[in-house]
Amino acid sequence: MMKSLTGKTRYAFLAFFASHIPATLIIDMQAAFPGFHPKFCQDLLEWYCDVFNDSLMRAPHELWFRSIIFGEVFFQLPFFFYAVRALWDPAKVDGRGTFRSLCTVYGAHTSTTMIPILACHVMNPAASVMEKVAVVSIYLPYLIFPLWMVIICILSQDVFVGAFQDKKKR
């Protein structure tokens, strides 16, 4: 496991955060703001819920789940944009300062919110084993990447250590 956000690890996180922006805006945000999205977004969410039997994303949403989605929209979504910018051009970001701190907070927050979400999917009595495997497979990266981010932040004083040191000095 890489101990810094360099090379392929940086690209993996860049793809993770970049792909999370439309997923949050088009799909997840519907749990926080039902009826706000255009019909094609609502239809996409309905299709997803039907195919994968995702009971949490199907309205009506439980209060605890909606509160997690509000956290995603108002805390995580702005961080996704900042993370994409930082990972796109890490030479312009101090990997020891604000970015590292925000990564730690984001990773810890998201990892802990994923535990009850995954538990609900695993224990869903209405879902078949295949549906559970499919939906958990969809959600699992949202546990793995944030947890990986926390580990990187714990193990590294500078999350960009190595590859971009020379550029930062210029």
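Predicted model, so just to flag it, every value in this text is computed and none were measured.

### Observations concerning the packing of aromatic side chains
Item 1. Counted according to the given criterion, the structure contains 22 aromatic pairs.
Item 2. When the centroid spacing of 5.9 Å and the interplanar angle of 40° are considered together, the rings of phenylalanine 17 and phenylalanine 80 count as tilted. Residue phenylalanine 17 is found in helix H1 (residues 7–32), and its partner phenylalanine 80 is found in helix H3 (residues 63–88); the two are separated by 63 residues along the sequence.
Item 3. A relative accessible area of 0% places phenylalanine 17 in the buried class.
Item 4. Overall, the relative accessible area of 0% leaves phenylalanine 80 in the buried class.
Item 5. Each residue in the set Phe13, Phe16, Phe17, Phe79, Phe80, Tyr82, Phe99, Tyr106, Tyr142, Phe145, Trp148 and Phe160 is aromatic and connected to the rest through ring pairs, giving one cluster.
Item 6. In this structure, arginine 10 packs its charged tip against the face of tyrosine 11, placed 4.6 Å from the ring centre.

### Considerations on H1
Item 1. Here H1 spans 36 Å end to end across 26 residues, near enough to the 38 Å set by a 1.5 Å rise per residue.
Item 2. Along H1, the sharpest kink reaches roughly 50°, centred on threonine 24.

### Describing the side chain of threonine 113
Item 1. With respect to the element layout, threonine 113 can be found in helix H4 (residues 98–122).
Item 2. Judged by its relative accessible area of 12%, threonine 113 is buried.
Item 3. At a separation of 2.9 Å, a polar atom in the side chain of threonine 113 contacts the main-chain carbonyl oxygen of threonine 110.

Criteria and cut-off values
- Residues numbered from 1 in each chain as written.
- Predicted model: local features only at pLDDT ≥ 70, side-chain atom pairs only at ≥ 80, totals over all residues.
- Heavy atoms only, no water.
- Phe/Tyr/Trp six-rings, centres within 6.5 Å; stacked < 30°, edge-to-face > 60°.
- Helix = DSSP H or I, 4+ residues; strand = E, 2+ residues; numbered from the N terminus.
- Buried < 20%, exposed > 50% of the residue type's maximum accessible area, 1.4 Å probe, protein only.
- Lys NZ or Arg CZ within 6 Å of the ring centre and 35° of its normal.
- Expected span 1.5 Å × (residues − 1).
- Bend = angle between axes of the 7 residues up to and from the residue.
- Polar contact = N/O pair within 3.5 Å; in protein donor to acceptor, adjacent residues only side chain to side chain.

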